[in-house]
Amino acid sequence: MEDYHKPDQQTVQALRNIANRLRINSIKATTAAGTGHPTSCCSVAEIMSVLFFHTMKYRPEDPRNFHSDRFLMSKAQSAPALYSMWVETGFLKESELLNMCQVDSSLEGHLIPRQQFVDVTTGYLGQGLGVACGIAYTGKYFDKASYRVYCLLGDGEMSEGSVWEAMSFASYYQLDNLVAIMDINRLSQSDSAPLQHHAEKYQRRCEAFGWHAIIVDGHSVEELCKALSQPRHQPTAILAKTVKGKGIPEDKMGWHSKSLSKDMAEMVMKDLQSRIMSTSKHLYPPTPVEDAPPVSLRNIRMASAPAYKPGEKISTRKAYGMAITKLGRYNERVVALDGDTNNLTYSEIFKNEHPNRFVECYVAQQNMVSVAMGCAARERNVVFASTLASFFTRAYDQLRMAAVLDSSINLCGSHCGLSTGEEGPSLMGLEDMAMFRALPRTTIFYPSDGVSTEKAVELAASTRGVCYIRTSRQDSAVIYNSNEDFHVGQAKVVYQNKEDQVTVVAAGVTLHEALAAAEHLKKERIHVRVIDPFTIKPLDVKTITDHTRATRGRILTVEDHYYEGGLGEAVCSAVVNETGFNLHRLAVSHVPHSGKPQELLKIYGIDRDAIAQAVRKMLSTSTNRISHQDERPT
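Under an unreviewed UniProt entry, the name given to the chain is transketolase, and the source organism is Hippocampus comes. Recorded in UniProt under Subunit (unreviewed entry), the annotation for the chain is "Homodimer." Taken from UniProt, the Sequence similarities (unreviewed entry) comment for the chain reads in full: "Belongs to the transketolase family."

K.L.:
Can you break down the nonpolar core residue by residue, with the values?
P.N.:
By size, the foremost hydrophobic cluster in this structure holds 85 residues, and its most contacted members are Leu-129, Leu-178, Met-182, Leu-337 and Phe-436. At 8 residues, helix α6 (residues 128-142) tops the list of elements feeding residues into this core. In this structure, Phe-436 is in contact with Phe-392, Leu-399, Leu-411, Thr-442, Ile-444, Val-466, Tyr-468 and Lys-537, ignoring residues within four places of it in sequence. Ranked by size, the runner-up nonpolar core spans 47 residues in total, among them Ile-18, Leu-82, Val-216 and Cys-225.

K.L.:
Account for the side chain of His-67, with residues named and values stated.
P.N.:
One can find His-67 in the loop between α3 (45-55) and β1 (70-73). Side-chain polar atoms of His-67 contact the backbone nitrogen of Asp-291, separated by 3.4 Å. Within the local environment of His-67, its side chain forms a polar contact with the backbone nitrogen of Ala-292, the two atoms lying 3.2 Å apart. Apart from residues no more than four positions distant in its own chain, His-67 is found in contact with Tyr-147, Pro-288, Val-289, Glu-290, Asp-291 and Ala-292.

K.L.:
Before we move on, could you go through unusual backbone geometry and cite the residues and values that matter?
P.N.:
For the bond from Lys-537 to Pro-538, the omega torsion is 0°, close enough to zero to count as cis. Turning to its location among the elements, Pro-538 is positioned in the loop between β17 (535-537) and α19 (541-550). The backbone phi angle of Arg-378 is positive, close to 55°, even though this residue is not glycine.

K.L.:
An account of the domain arrangement of the chain is requested, with residue identities and associated values reported.
P.N.:
Under the domain assignment, the chain is made up of domain 1 (9-275), domain 2 (312-478) and domain 3 (492-627). Relative placement of domain 1 and domain 2: their C-alpha centres are 33 Å apart. Listed as interface residues are 29 residues of domain 1 and, on the opposing side, 27 residues of domain 2. Roughly 2400 Å² is buried in total at the junction of domain 1 and domain 2, and carbon and sulfur atoms are behind 55% of that figure. At the boundary of domain 1 with domain 2, the tally comes to 3 salt bridges. Two residues, Arg-378 and Asp-119, come together in a salt bridge whose shortest N-O distance is 2.9 Å. Along the contact surface separating domain 1 from domain 2 lie 10 residue pairs in polar contact (both at pLDDT 80 or more). Taken together, the elements giving at least two residues each to the side of domain 1 that touches domain 2 come down to α6 and α7 (161-172). Per element, the largest residue contribution to the side of domain 1 that touches domain 2 is 8 residues, and it comes from α6.

Calculation notes
Residues numbered from 1 in each chain as written. Predicted model: local features only at pLDDT ≥ 70, side-chain atom pairs only at ≥ 80, totals over all residues. Heavy atoms only, no water. UniProt positions renumbered as here; feature names shortened; annotations may be inferred. Core = buried A, V, L, I, M, F, W, Y, C linked by side-chain atoms within 4.5 Å. Buried < 20%, exposed > 50% of the residue type's maximum accessible area, 1.4 Å probe, protein only. Helix = DSSP H or I, 4+ residues; strand = E, 2+ residues; numbered from the N terminus. Contact = heavy atoms within 4.5 Å. Polar contact = N/O pair within 3.5 Å; in protein donor to acceptor, adjacent residues only side chain to side chain. Domains from an automatic or database assignment. Buried area = accessible area lost by both parts, 1.4 Å probe. Salt bridge = Lys/Arg side-chain N within 4 Å of Asp/Glu carboxyl O.

Pasting the structure below:
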């Protein structure tokens, strides 16, 4: 970086003026809305001023320009300060601020990407730095570009463990293009932050995590300019000691989320206006270096059909690893992340073939999902992140934000259901479908063999939003031909006869059990139709209902998942308004024990024998009404 040049007094005054105009506009916006966090906005005013008009290189007329420096506001309650800053650049009109939080406004109370200058959703504290790590990693190792990443955090969120997962990640990968600015204003929502104004304690913690940490007066333009201009050889933390509510009710408990009354706002704004001094200096953001490569993520496709043959055995988790590796051969922006489970999820195959595009996130699942979001930001990469299905529960907070953002990240959960076997229930993903089904704008793939797994990976790469691919531990036979065509939301009828009496819907391990049960029942002259949904969300409602009508309304769902929230409930929701349907469900009813997978399938009533018995029971029961029954073993 260039040697530090102390700003002249005209520049200093211009930056101070910008900070006070930011305060005024933040107060205008929050008072007009009758809600917001003006005190949080006022503590960061000088930080924002120096960042946007002295330090950061960007094009204000083109906020998503891929050469520009990136800014993430992790303390998203200070959103009005960011909006006010973009008013200062000329990108937003001041009149737009007065409509903030209204139903027809794109300016939300907390940040989501309805505006071009917001890359990610950070509505819940503790997530911004992890996303910034993903963007910085992309800049340094994938783009190999000059742009830098700046993340503004609050001192309250420093209690979140996810922040320290990110600190560790940034240090390990020497992200010297990343700067975290911490607004240490002492006060949180209902109490003081635990370290209050003891900036030296934050400094020691940051240094212990391998960061260069600098304490500054967060309201001193000169100190901020100097700190942000220092040469960097490791990630840098600027510990800015500030006053909450600077310029309005200062350092007052209970003002965290209160807007000012109209009268009070007028008085405060008049005082702030008096502090704006005349200057002939007009500041413009520095122009970015144009050295980031152009990227196209359109038409990400496999160059050839799957190479599996029917009857060949392979686990879907291994097929996943082979599929992302194959996809990576044909597009250099396909990247893979894992959380120290790459020899279980088989992402190690990708790691071995494409080591420069594999990111080891270690045992920090929250940060892994955040890093994935950062890597995918501004459509720079096609991202696949994998771990055990049960481990994604640790990152549900991050998954929720990714769904709100509509971030295009692809997640693979291995060792789902009872296939985990001897490892026991703590590692069995038995609630993962419920978890992902509850998230908006998500797609859930549940492939059942090597061919459908490869197709799921290919489709996920070009599907908008969060995609989840559910894979199993044990080997299973390939049932599809390599030229089989797959689509999101399109089920496959894999076994049928014109004399079919019951429709069975199953996926993954239980699809193979259903096929075995169908063969056995055929010997008893009982015919069943077997459907593979392929995607649990969206579910192919038409195929399922049409074939259920063809089997006189009898339908049985079988899943390697708890009863709550999985395939069975998805089908229930799909057929709830149908008349004359008789729906039975088989699923895991209790917390399992360790054991061999096939033993567990039998004990918990989702194996071929249980399916056959459930079909017999359905045929022996005559009904003329809609019914729904869970076949839970006692």
